[in-house]
Amino acid sequence: MHKRALITGVTGQDGLHLSHILLEKGYEVFGMVAGQRPSTAQSFSQLRPDVKLIQGDLADFSSVLQVIDQSQPNEIYNLGAISFVGLSFTQPELTANITGLGFLRVLEAVRKLHVEKSVRIYQASSSEMFGRVRETPQTELTSFHPRSPYGVAKTFAHYTGVQFREAYEMFISNGILFNHEGEYRGYEFVTRKITSNIAKIKLGKQERFSLGNIEVSRDWGYAGDYVEAMWLMLQQESPDDFVIATGKSHTVREFTTAALAAAGLEPNIERYLDYDVSMIRPSEVDSLIGDSSKAKKVLGWEPKVSFEELVALMVENDLRVESAR
Ligand code: G4F
């Protein structure tokens, strides 16, 4: 018998990667798609045709209930969210509704359908919850101090998962994922913005581009590695929370320099970069670095793609994409 998985946010970066690996593992994969949300029209074309799409919206309880009832999943991966931190400052209420309350709706729907003892649920928690970090590196035990409406909404969802797990003995695991990037990354995120602009420069389509604060640092891994950890969390005997990270942090400046070098351009950012004050956030997360030793010990999970390989992979992908345009 095939296992059935339901993915919310199936057209996002992680949804695409996860749907690919679940299909390869023999799952029947259902994807919840919200007709009206921007997501990425282009990502529909990257979805495998054997993913079964069902209309539903995390903002609408009855549709969430119907999607779960229709797909009868063994596993639910809640990846749907307003995931761009910058946008959450201008649309905090929408962010709280989708990114925060959306997960509560999933959990309540599972209970209303009386399948809470049989369904396993993954919640996409985020390192953005650590915000103004209390310790370095961050572990599952580090206190949260979110610095954006997005981080606050993710923290609400995270604790809602913990509370439902304890109150109703549900199998709910939170993956506290640090930044993860790759070929499906949206263009609004800094890594893709850098690699797509550098590819255009390399191809002679433009001369310069702009960024906000380039001194912030992130623990960047490859999204393809990270979705494997999501799946592993749901294959354990009991649910738990796990940090998923590489344990190495680099500044946006370093990412940009490495991307210029990967494209065969002079790794001198002043030659190509302007400053864009509109990218400055009202409150910023200055530095993140995760300790994923628990995931290594319990799940046997380790990142495979290094920072240098990630940068090269993204630059090569964007050179292909931009050459074809
Ligand atoms: O790429 P970013 O927009 O990602 P951010 O804010 O770290 O969030 C990402 O990772 C989280 C995990 O920690 C996820 F939960 C979340 O959904 C998302 O995937 O920005 C990275 C850093 C920020 O400090 C930002 O201020 O880069 C800085 N930055 C500098 N210039 C810029 C720019 N970010 C963007 N998007 N665009 C710029 O021009």
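Rules used throughout
Residues numbered from 1 in each chain as written. Predicted model: local features only at pLDDT ≥ 70, side-chain atom pairs only at ≥ 80, totals over all residues. Heavy atoms only, no water. Salt bridge = Lys/Arg side-chain N within 4 Å of Asp/Glu carboxyl O. Helix = DSSP H or I, 4+ residues; strand = E, 2+ residues; numbered from the N terminus. Buried < 20%, exposed > 50% of the residue type's maximum accessible area, 1.4 Å probe, protein only. Pairing = 2+ DSSP bridges. Axes fitted to C-alpha atoms, helices over the stretch in contact; angles between N-to-C directions. Contact = heavy atoms within 4.5 Å. Near = heavy atom within 4 Å. Polar contact = N/O pair within 3.5 Å; in protein donor to acceptor, adjacent residues only side chain to side chain. Areas by Shrake-Rupley, 256 points an atom, 1.4 Å probe, with all protein chains shown as cover. Nonpolar A, V, L, I, M, F, W, Y, C, P; charged D, E, K, R; others polar. Domains from an automatic or database assignment.

Asker: Would you explain the pattern of salt bridges in this entry?
Answerer: Side-chain pairs of opposite charge can arise where the charged atoms are in close proximity. Summed over all chains, the structure comprises 18 salt bridges. A salt bridge links Glu181 to Arg185, with the nearest nitrogen and oxygen atoms 2.7 Å apart. The partner of Asp274 in a salt bridge is Arg208, and the shortest N-O contact between them spans 3.0 Å. In this pair, Asp274 is assigned in strand 13 (residues 273–275) and Arg208 in the loop between helix 7 (190–202) and strand 8 (209–211), connecting sequence segments 66 residues apart. Owing to a relative accessible area of 35%, Asp274 belongs among the partly exposed residues under this scheme. Since its relative accessible area comes to 35%, Arg208 is described here as partly exposed. Through salt bridges with shared partners, a single ionic network connects Glu108, Arg111 and Lys112.

Asker: How do you make sense of the sheet that holds strand 3 (residues 52–55) when you look at a structure like this?
Answerer: Where strands meet in a sheet, backbone hydrogen bonds hold them as pairs that are either parallel or antiparallel. The seven strands are arranged 3-2-1-4-5-6-11 in an open sheet whose pairing can be described as parallel. Edge positions in the sheet fall to strand 3 and strand 11 (241–244), since each of these pairs with one other strand and no more. The mean angle between the axes of side-by-side strands here comes to 20°, regardless of whether they run parallel or antiparallel. Taken together, the seven bridges between strand 5 (residues 120–126) and strand 6 (residues 171–177) define a ladder with parallel strand orientation. The residue of strand 6 that forms the bridge with Tyr122 is Ser173. Sheet strands in contact with helix 8 (residues 223–233) are strand 4 (75–78), strand 5, strand 6 and strand 11, and its direction is about 160° off that of strand 6.

Asker: Is there a simple way to think about the site of the ligand in this case?
Answerer: Neighbouring the ligand are 24 residues, the closest being Ser126, Ser127, Tyr150, Arg281 and Glu284. Here Arg185 contributes a side-chain N or O atom positioned 2.8 Å from an oxygen atom of the ligand. In the complex, the protein chains occlude 97% of the 720 Å² of accessible area that the ligand would expose alone. Split into classes, the residues belonging to the shell around the ligand amount to 11 nonpolar, six polar and seven charged. Of the residues that make up the shell around the ligand, three or more belong to each of domain 1 (4–180 + 222–244) and domain 2 (186–218 + 249–288 + 305–323).

Asker: I would appreciate a short explanation of the side chain of His250 in the present structure.
Answerer: Along the chain, His250 turns up in strand 12 (residues 250–251). Accessibility expressed as a relative area gives 17% for His250, which makes it buried. Polar contacts involving the side chain of His250 include one to the side chain of Glu254, which spans 3.4 Å. Leaving out residues up to four positions away in the same chain, His250 has contacts with Val216, Ser217, Arg218, Trp220 and Phe307.

Geometric values such as these leave the question of function open.
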